[in-house]
Amino acid sequence: ARSTSTMAVLPSSAVLESAEAVMREASDVSVSLEGATRAADAILTVMEHTRFSIATWRSHELHPSEPTETTLDWLFVLDTLNFSFWNEPGAAPFTVDYRGKQFTGYWALVAAINRAVEEGLPITSPQFYKDITPQQLAHAFRSSTVTEAPMLAERLSNLHQVGHVLCEKFNGSFRHCVEQANGSAQALLRLVIDNFPCFRDIAMYKGRERYILKRAQILVADIWGCYQAEGHGAFSDIDTLTMFADYRVPQVLLYFGVLQYSPSLMQELQAGTQWAPGSEREVEIRCGSVWAVQKIREEIQRLAKERHSTCASNLNSIILDFFLWDYAKEHSKLMAHLPIHRVRTIFY
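The numbers attached to residues start from 1 for each chain and follow its sequence in the written order. The model is predicted, so local features are restricted to residues of pLDDT at least 70 and side-chain atom pairs to those at 80 or more, both for listing and for counting; the totals for chains, interfaces and linings are taken over all residues. The basis for every side-chain value is the complete set of non-hydrogen atoms in the structure, without hydrogens or water.

## Digging into the environment of G288
Now for step 1: Secondary structure elements are defined from DSSP: runs of H or I of at least 4 residues count as helices, runs of E of at least 2 residues count as strands, and each element is numbered from the N terminus. Examined against the element boundaries, G288 turns out to sit in helix α14 (residues 280-307).
Now for step 2: Judged by its relative accessible area of 0%, G288 is buried.
Now for step 3: In the structure, G288 is positioned 37 residues away from Q251 in sequence and 12 Å away in space, judged by C-alpha atoms.
Now for step 4: By the convention used here, residues are in contact when the closest approach between their heavy atoms is within 4.5 Å. In contact with G288, not counting residues within four places along its chain, are M23, V29, V31, L259 and V283. In this scheme, a residue with accessible area under 20% of its type's maximum is buried, one over 50% is exposed, and one in between is partly exposed, where area comes from a 1.4 Å probe on protein chains only.

## What about the side chain of K295?
Now for step 1: By the element assignment, K295 lies in helix α14.
Now for step 2: Assessed through its relative accessible area of 15%, K295 is described here as buried.
Now for step 3: When neighbours within four sequence positions are excluded, K295 is seen to be in contact with V31, L33 and A36.

## Let's talk about the pairing of strand β2 (residues 95-98)
Now for step 1: Of the pairings in the sheet, the one linking β2 to strand β3 (residues 101-104) comprises 4 bridges and is antiparallel in character. Within the sheet, the bridge partner assigned to T95 lies in β3 and is T104. DSSP-based pairing: two strands are paired if at least 2 bridges between them are found.

## What to know about the environment of S144
Now for step 1: Mapped onto the elements of the fold, S144 is located in the loop between α7 (134-140) and α8 (152-169).
Now for step 2: For S144, a relative accessible area of 35% gives the class partly exposed.
Now for step 3: For the pair S144 and V96, spaced 48 residues apart in sequence, the C-alpha to C-alpha distance is 6.0 Å.
Now for step 4: If sequence neighbours within four positions are ignored, S144 has contacts with T95, D97 and Q102.

## As for the pairing of strand β4 (residues 202-205)
Now for step 1: As defined by bridge partners, β4 adjoins strand β5 (residues 208-211) across 4 bridges and the pair is classed as antiparallel. From the neighbouring strand, A203 faces β5, where its bridge partner is R210.

## Things to note about helix α5 (residues 105-118)
Now for step 1: Here the expected span of a helix is defined as 1.5 Å times the quantity of residues minus one. With 14 residues, α5 extends 20 Å between its outermost C-alpha atoms, agreeing within 8% with the 20 Å of an ideal straight helix rising 1.5 Å per residue.
Now for step 2: For α5, a buried count of 12 out of 14 residues is recorded, marking the element as mostly surrounded by other parts of the structure.
Now for step 3: Within α5, burial applies to G105, Y106, W107, A108, L109, V110, A111, A112, I113, N114, R115 and A116.
Now for step 4: Taken together, the buried residues of α5 touch α4 (71-80), β2, β3, α7 and α15 (317-330).
Now for step 5: The first or second residue beyond α5 is G120, which carries a positive phi of 95°.

The values reported here are purely geometric and, on their own, carry no functional implication.
As C-alpha cells, this is what we get:
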C-alpha cells in the first residue's frame, strides 16, 4: 500500500529514521556492519585515487556542463521521469540513439530529453508539457530497438500533473519553486512533496508510513551537483539528504556484503519474480539501502580520520550514492549474478 498524504511537518531526518525503524523490524533484509567496514575501506581507497566529488556530476557527457536559465526546468523534467529503466529478462534494452551513440537505462532518459530539445520539441517547458500528447512523448522517447520506454502512460501522467501545478502555482517555472526554498534542501523537499503528488514516495510498512522520497531527494541533489553547490545549488543543509533508494544501488551493496538477504528472498529475486509496488520486501530492500549507505558513510569518515585522509572531508550520502551508482554501472559484469528487485513503479 502507498500513502498519498501530504507532509505538513517533515523532520530533516525522516528518511533516515524510517530506514532505521524498518531495519529494526525487517525479517528478510539486514545490514552488516562488518560489510560496511569492508566496503568503506575499498571505497575510500578508490576515492583517494580518483578524487570522486561533486564535480563528477558535470563530467558525465550528457549532463549540462554549465547551467543556463532553463537548466532548473531541464532538471525538473529529468527527475519527473527518472524511474523504471530496468530491462525485462531476455529483452533488448530500451535504447536511444543520440549524436552517433546509443544510450540505455538512465542515460537513455537524459539522451531522449536532450534529443527532443535539439529537435525543437520544448519538452522542458511546463507550458508545453502540461498538455503534451501521447504521440509527442512517444516520439521523444522513440527507441532504436523493439523495446519501447517502459511506463510511457505514467510518464505522460507525471508530466501533465507537474506541468499544470507549475503553471498554476509557480508562474510556469520550477525556478520559482527553488527560489521559495531560500537555499534549504529540506524546504525544497517539502515544497516538492506537498505540491507534486508523483514525488510522494511514502511506503506503508507494518501499518506505518515510511518515507523514502527517492526522486524528490535526487532532484535536490541533481540541482546541487549541476550548480556545484553554488547559486541555485547552494543548500546549507544538503548533508541531511540520504542516498536514493532504487534498484541498482542495492545490487552493489549486496556485492560489497553490506546488504544481506534471507535465503527465501534471494531465491525469489533469482527467480526473476516481478513484485507489485509496496510489498514489505521491497520496503526492506529500499530502507536497508538507505541505512547501509549511512553506515558506510560513518565508517569512511572514521577510517579517513585514522588515515589522516582529507578526501572524505566533504563526503555526504549524495556523493556516496553517486559513487556507488557509477561503480555498479562500470562493474555491471562483476555483479551480473546478483539479482535486482523488479518493481514497475513511478517512484524509482
